[in-house]
Amino acid sequence: MIYWGYVILCLIMGLVTYIRGALDFWGSLFMVIMGLIIIFAAGFNWLLLILIFLILGLVSTKYKHQYKKELGVYEGTRSTKNVISNGLVPFVMAAFGYYDGFVGGFIGSVATATADTMASEIGVTQTPRLVTTLKKVAPGTDGGISILGTIAGILGAGLIGIFAYLLGIFPDPFVSLKIAIVAGTVGCFMDSFLGAVLERRNYLNNEHVNLLATLTGAFLGIMLV
């Protein structure tokens, strides 16, 4: 049975993200397609968790946006590549969410994407240090981390764990929080490590790093269920 209200709401979400400049046209369209599949495969509440990630990402992107523009690190509108690199793993986890453990993979991957986005967007306003050497680097440097960004990332991951419970995706609030914080934090640091070791040497690009980081979060999430 098709719940047309959910379909219409999904289309509205895509339109809003496009009008607000969070995603370009193709990014918004791809998000809608992925969203519809998630609704029919796992349920609307699973899509809502991804929507919460998008909202947190949008809010953190706007954080001190003028200052980030002056630094030359303001991302603004994201494209299809960003949607795929951050959303492909959660999408696969949701599509197979009826298998044991995949719900943990879903929470872990969404928590990683949230933690990484918030850590990057908020932490970039503080002088970062390279994760491999702890030497100070310029804001926006691949592999750069900061105390502010790390705190923001952990809080973002924690919020995903809380909402995963409130939305009925995972029945135990403490396990849901554990999955989100542990998987999200480790996945976020994996993103930084890959950025410092491989992306800076042009072996990987940002989309590859994001994909591998969310995959790490998903794997840990499955292990922690």
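Treat the numbers as computed from the prediction; the structure is a model and nothing was measured.

Visitor: Help me understand the nonpolar core, please; the structure alone is not making it clear to me.
Guide: Nonpolar side chains in soluble globular proteins tend to end up buried together. Phe106 and Ile107 are the most contacted members of the largest nonpolar core, which has 41 residues in total. Those elements giving two or more residues to this core turn out to be helix H1 (4-19), helix H2 (25-41), helix H3 (44-62), helix H5 (80-95), helix H6 (102-123), helix H7 (147-166) and helix H8 (173-199). Take this core: its biggest share by element is 10 residues, from H6. Setting aside chain neighbours within four positions, we find phenylalanine 106 in contact with Trp46, Leu49, Ile50, Pro90, Met93, Ala94 and Ile169.

Visitor: Help me understand the packing of H3 against H7, please; the structure alone is not making it clear to me.
Guide: When two helices pack together, their arrangement is given by the angle between the helix axes and by the axis-to-axis distance. Contact geometry of H3 with H7 gives a least axis separation of 10 Å together with a crossing angle of 150°. Comparing their axes, H7 and H3 come out roughly antiparallel. As H3 runs across H7, the sense of the crossing is right-handed. Contacts between H3 and H7 involve Leu49, Ile52, Phe53 and Leu56 from the former and Gly156, Leu159, Ile160, Phe163 and Ala164 from the latter. A per-class count over the contact of H3 with H7 returns eight nonpolar, one polar and no charged.

Visitor: Could you clarify how one ought to interpret unusual backbone geometry in this entry?
Guide: Of all residues except glycine, most have a negative phi; of all peptide bonds, most are trans. With a phi angle near 65°, leucine 134 is a residue other than glycine that sits in the positive phi range. Take leucine 134: it is sitting in the loop between strand S1 (129-130) and strand S2 (144-145). Phi at asparagine 202 takes a positive value of approximately 65°, unusual for a residue other than glycine. Here asparagine 202 falls in the exposed class, since its relative accessible area comes to 67%.

Visitor: Looking at this structure, I do not really get the environment of alanine 152. What am I missing?
Guide: Examined against the element boundaries, alanine 152 turns out to sit in helix H7. Of the residues examined, alanine 152 reaches a relative accessible area of 8% and is grouped as buried. Leave out the neighbours within four places in its chain, and alanine 152 touches Met118 and Ile122.

Visitor: How should the packing of aromatic side chains be read in this particular structure?
Guide: Given two aromatic rings, their pairing is described by the distance between the two centres and the angle made by the two planes. Summed over the entire model, instances satisfying the criterion amount to two aromatic pairs. With a centroid separation of 6.4 Å and 55° between ring planes, the pair formed by phenylalanine 96 and phenylalanine 102 is classed as tilted.

Visitor: Quick question: what am I supposed to make of a nonpolar patch on the surface here?
Guide: A cluster of nonpolar side chains, namely Leu15, Tyr18, Ile19, Phe25, Trp26, Leu29, Ile33 and Ile37, defines an oily patch on the protein surface of about 830 Å² accessible area. Mapped by element, the contributors of at least two residues to the nonpolar patch are H1 and H2. The element that contributes the greatest number of residues to the nonpolar patch is H2, accounting for five residues. With respect to the helices and strands, leucine 15 occurs in helix H1.

Visitor: Got a minute to help me understand the side chain of aspartate 116 in this structure?
Guide: Structurally, the position occupied by aspartate 116 is in helix H6. Sequence-distant contacts of aspartate 116, defined by excluding residues within four places in its chain, comprise Cys188, Asp191 and Asn210.

Visitor: For this particular structure, what's the right way to read the environment of isoleucine 50?
Guide: Summarising the element assignment, isoleucine 50 is placed in helix H3. Taking C-alpha positions, isoleucine 50 is 8.8 Å from glycine 35, a pair spaced 15 residues apart along the chain. Those residues in contact with isoleucine 50 that sit more than four places away from it in its chain are Ile38, Pro90, Phe106 and Val110.

Visitor: Is there a simple way to explain the packing of H1 against H3 in this structure?
Guide: For the pair H1 and H3, the least separation of the axes is 12 Å and the interaxial angle reads 10°. Taken as axis vectors, H1 and H3 run roughly parallel relative to one another. Considering only the axes of H1 and H3, their crossing is left-handed. Contacts between H1 and H3 involve Tyr6, Leu9, Cys10 and Met13 from the former and Phe44, Leu47 and Leu51 from the latter. Split by residue class, the contact of H1 with H3 holds seven nonpolar, no polar and no charged.

Visitor: Any chance you could explain the side chain of threonine 117 here in plain terms?
Guide: Within the secondary structure, threonine 117 is located in helix H6. Accessibility expressed as a relative area gives 11% for threonine 117, which makes it buried. A polar contact is formed between the side chain of threonine 117 and the backbone oxygen of alanine 113, at a distance of 2.8 Å. Not counting the four nearest positions on each side in its chain, threonine 117 is found in contact with Phe53, Gly57 and Ser60.

Each value, and the rule that gives it
- Residues numbered from 1 in each chain as written.
- Predicted model: local features only at pLDDT ≥ 70, side-chain atom pairs only at ≥ 80, totals over all residues.
- Heavy atoms only, no water.
- Core = buried A, V, L, I, M, F, W, Y, C linked by side-chain atoms within 4.5 Å.
- Buried < 20%, exposed > 50% of the residue type's maximum accessible area, 1.4 Å probe, protein only.
- Helix = DSSP H or I, 4+ residues; strand = E, 2+ residues; numbered from the N terminus.
- Contact = heavy atoms within 4.5 Å.
- Axes fitted to C-alpha atoms, helices over the stretch in contact; angles between N-to-C directions.
- Parallel < 35°, antiparallel > 145°, perpendicular 65-115°, else oblique.
- Left-handed = near helix turned anticlockwise from the far one by under 90°.
- Nonpolar A, V, L, I, M, F, W, Y, C, P; charged D, E, K, R; others polar.
- Phe/Tyr/Trp six-rings, centres within 6.5 Å; stacked < 30°, edge-to-face > 60°.
- Patch = residues over 30% accessible without salt bridge, like charges linked within 9 Å, V, L, I, M, F, W, Y side chains within 5 Å.
- Areas by Shrake-Rupley, 256 points an atom, 1.4 Å probe, with all protein chains shown as cover.
- Salt bridge = Lys/Arg side-chain N within 4 Å of Asp/Glu carboxyl O.
- Polar contact = N/O pair within 3.5 Å; in protein donor to acceptor, adjacent residues only side chain to side chain.

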